[in-house]
Amino acid sequence: MTELLLRPLADAFMQVGVFVALMVAPFGWARCRWGHRLDAALERRRVAAPLVAAALTMPPGCGGAIMVMAAYGRGAVSYGSAVAALVATMGDASWVLLAHDPWLTVQLKGLLLVVGACTGWLVDAVGLDPRRKRPAAAPTSRRVAPPAPTAVPAPAPVPVAARAVPAAPRPAFALHEVGVLPVLLWLAIGGGATVSLPVTFQLLDPETLYLVLGVLGATVAVVVFARAGCRLADDDESSASETSFAAVLRHGGHEVAFVTVWVAVAYLAWSMVTHLTGFDGSTLPVLGVAGVLVGALVGLVPGCAVQLVFAGMFAAGGMPLATLVANTISQDGDALLPLLALEHRSALVATVLTTIPALAVGFAFLVLA
């Protein structure tokens, strides 16, 4: 029972969740503080926008790609830029891969940057843009005669007692703004980090403590995930406007819980398969062509949940690199969801377009392997 259920839960939290937390807070703060400047850079550099859009997706998570989708909805960037961001984003699966193999993740992100930018430039060169309604053009600079001034009655005097009293400044950080469950999760992360980091670098081997802290942290993550509606609530445009440290911790806690739960699902599923059937994934590389096709087609599913399962299977040794590459290029993460709401026709065409470079690069990996 320990190896079948408890070990996968502990590994999901200690090997992935803790490392996600160590990165999500600084990345979340940077996105909230400087996200508007990156948005403005897209509008100023329209020719280089596909490259800029692909570069914005390099930090883990879906925030950069969602920002590009919002800019496309306003007409600030081309359709090729939107496609470039969808091709280049790794979504929340990047947390899993960073915890598993940081250098491989950096190499994959460099590949995604190149493939995404080239795909975006090619889409713009072809002139493809399936958007039904174009954003309204900016008004011209014609002179309009100002309206005649009208008499404005003087305001009535306001009694002293009724005058507004300036509110006291709010503190920059309040613990209750984070929430009880996210605070508990961050406490579990802090305890887990003290054990997970030495274990990861093979400095310690505290078997019992590792299992206890890992299962405890995974349990808290499941509760946070369930209370958030089993979805990632911070991957939207409104979260980018919140710049308080409490908001960063709250949203970061939700993201850690989201990633941990789906990684735990992948680890548990793989543990069940290996224990019940004896299948260890060693035969998957012989299914290379089928694997690339499956990886690219699974990328058509919006959201990060299935992609996290794929990344978890790769980390567990259950699939070859070519399949992972095809899935990583094809998948659009959570960024496709706001694009579906803004321009559903553009979103459907974009998610199909991303499978083309996914298949091409995936098959190239098979040939070069």
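Just so you know, these numbers come straight off a predicted model, no measurement behind them.

About the cut-offs
Counting of residues starts from 1 at the beginning of each chain's written sequence and follows it residue by residue. In view of the model being predicted, local features appear only for residues whose pLDDT reaches at least 70, and side-chain atom pairs are presented and counted only at 80 or more, with totals across whole chains, interfaces and linings using the full set of residues. Heavy atoms throughout the structure, all of them, feed into the side-chain values; hydrogens and water do not. Per the convention used, a helix needs a DSSP run of H or I reaching at least four residues, while a strand needs a run of E reaching at least two, with both numbered from the N terminus. The rule is simple: take the accessible area with a 1.4 Å probe, protein chains only, and divide by the maximum for that residue type; under 20% is buried, over 50% is exposed, in between is partly exposed. Any two residues having at least one pair of non-hydrogen atoms within 4.5 Å are treated as being in contact. Exposure was quantified through the Shrake-Rupley algorithm and a 1.4 Å probe, taking into account, for residues, occlusion by the shown protein chains and nothing else. Geometry is summarised by axes, namely lines fitted to C-alpha atoms with helices restricted to the contacting stretch, and by angles between N-to-C directions that run from 0 to 180 degrees. Oblique is the label for any angle not covered by the other classes, which are roughly parallel (under 35 degrees), roughly antiparallel (over 145) and roughly perpendicular (65 to 115). Note: crossing handedness is left-handed where the near helix turns anticlockwise from the far helix by less than a right angle, and right-handed where it turns clockwise. Predictor confidence is given residue by residue as pLDDT, running from a minimum of 0 to a maximum of 100. As used here, the term nonpolar core means buried Ala, Val, Leu, Ile, Met, Phe, Trp, Tyr and Cys residues forming a set that is joined through side-chain atoms within 4.5 Å. Whether two aromatic rings pair depends on their centres lying within 6.5 Å, for rings of Phe, Tyr and Trp, where Trp uses its six-membered ring; planes under 30 degrees apart make the pair stacked, over 60 edge-to-face, and the rest tilted.

## Structural notes on the overall build of the chain
Phase 1: Of regular secondary structure, the chain possesses 16 helices and zero strands.
Phase 2: Across the 369 residues that make up the chain, the buried fraction comes to 48%.
Phase 3: A sequence separation of at least 24 residues applies to 83% of the contacts in the chain between residues at least 6 apart.
Phase 4: Approximately 18,400 Å² of the chain is accessible, and the part contributed by carbon and sulfur atoms is 70%.

## Re the environment of Ala364
Phase 1: Following the sequence through the fold, Ala364 ends up in helix α16 (residues 355-368).
Phase 2: Taking C-alpha positions, Ala364 is 8.3 Å from Ala322, a pair spaced 42 residues apart along the chain.

## Some words on the packing of helix α4 (residues 79-88) against helix α6 (residues 102-126)
Two measures define how a pair of helices packs: the angle their axes make with one another and the distance between the axes.
Phase 1: Between α4 and α6, the shortest axis-to-axis distance is 7 Å and the interhelical angle comes to 155°. Judged by the inter-axis angle, α4 sits roughly antiparallel to α6. For the pair α4 and α6, the crossing hand works out as right-handed. Counting all contacts with α4, which are made through Tyr79, Gly80, Ser81, Val83, Ala84, Val87 and Ala88, the residues of α6 involved are Leu112, Val115, Gly116, Ala117, Thr119, Gly120, Val123 and Asp124.

## Some details on the environment of Gly214
Phase 1: Residue placement: Gly214 occurs in helix α9 (residues 207-227).
Phase 2: Its relative accessible area of 0% is what places Gly214 among the buried residues.
Phase 3: Remark: the alpha-carbon pair of Gly214 and Asp11, spanning 203 residues in sequence, is separated by 6.7 Å.
Phase 4: Beyond its immediate chain neighbours, meaning those up to four positions away, Gly214 contacts Leu9, Ala10, Phe13 and Met14.

## Description of the packing of α6 against helix α13 (residues 321-330)
Phase 1: With their axes 11 Å apart at the nearest point, α6 and α13 run at an angle of 50° to one another. With respect to α13, the axis of α6 lies oblique. At the point where α6 passes α13, the crossing takes the right-handed sense. Residue-level inspection shows Leu104, Leu108, Leu111, Leu112 and Val115 of α6 in contact with α13, the latter providing Leu321, Leu324, Val325, Thr328 and Ile329.

## Examining the confidence of the model for the chain
Phase 1: Residues of the chain with pLDDT of at least 70 account for 73%, and the chain-wide mean is 77.
Phase 2: Considering each helix and strand of the chain separately, the mean pLDDT is smallest for helix α7 (residues 175-178), with a value of 62, and largest for α6, with 93.
Phase 3: In this model, residues 136-142 is a region of pLDDT below 50 whose contacts with residues beyond four sequence positions or in other chains number zero contacts.
Phase 4: Note that residues 233-241 has pLDDT below 50 and, in this model, 17 contacts with residues that lie over four places away or in other chains.

## Topic: the nonpolar core
Phase 1: Membership of the largest hydrophobic core comes to 87 residues, with the highest contact counts inside it found for Phe13, Met69, Val96, Leu185, Val259 and Ile329.
Phase 2: Among residues more than four places away in sequence, those in contact with Val96 are Val16, Val259, Val263, Leu308, Ala311, Gly312 and Ala315.

## Re the packing of aromatic side chains
Remark: the centre distance and the inter-plane angle together describe each pair of aromatic rings, the angle taken between the planes.
Phase 1: For the structure on display, the rule yields three aromatic pairs.
Phase 2: Centroid distance Tyr72 to Tyr79: 5.6 Å. Interplanar angle 50°. Geometry classified as tilted.
Phase 3: Residue Tyr79 is classed as buried on the basis of its relative accessible area, which comes to 1%.
Phase 4: Relative to Trp262, the ring of Phe225 has its centre 6.4 Å away and its plane inclined at 90°; by these criteria the two rings are edge-to-face. Pair noted here: Phe225 is in helix α9 and Trp262 is in helix α10 (residues 245-277), with a separation of 37 residues, a long-range link.
Phase 5: Given a relative accessible area of 10%, Phe225 falls into the buried group.
Phase 6: Judged by its relative accessible area of 24%, Trp262 is partly exposed.
Phase 7: Each residue in the set Phe225, Phe258 and Trp262 is aromatic and connected to the rest through ring pairs, giving one cluster.

## Side note on the environment of Phe13
Phase 1: By the secondary structure assignment, Phe13 is in helix α1 (residues 2-44).
Phase 2: For Phe13, a relative accessible area of 0% gives the class buried.
Phase 3: In the structure, Phe13 is positioned 201 residues away from Gly214 in sequence and 5.5 Å away in space, judged by C-alpha atoms.
Phase 4: Apart from the residues lying within four places of it in its own chain, the contact partners of Phe13 are Val18, Leu185, Ala188, Ile189, Leu213, Gly214, Gly217, Ala218 and Thr260.

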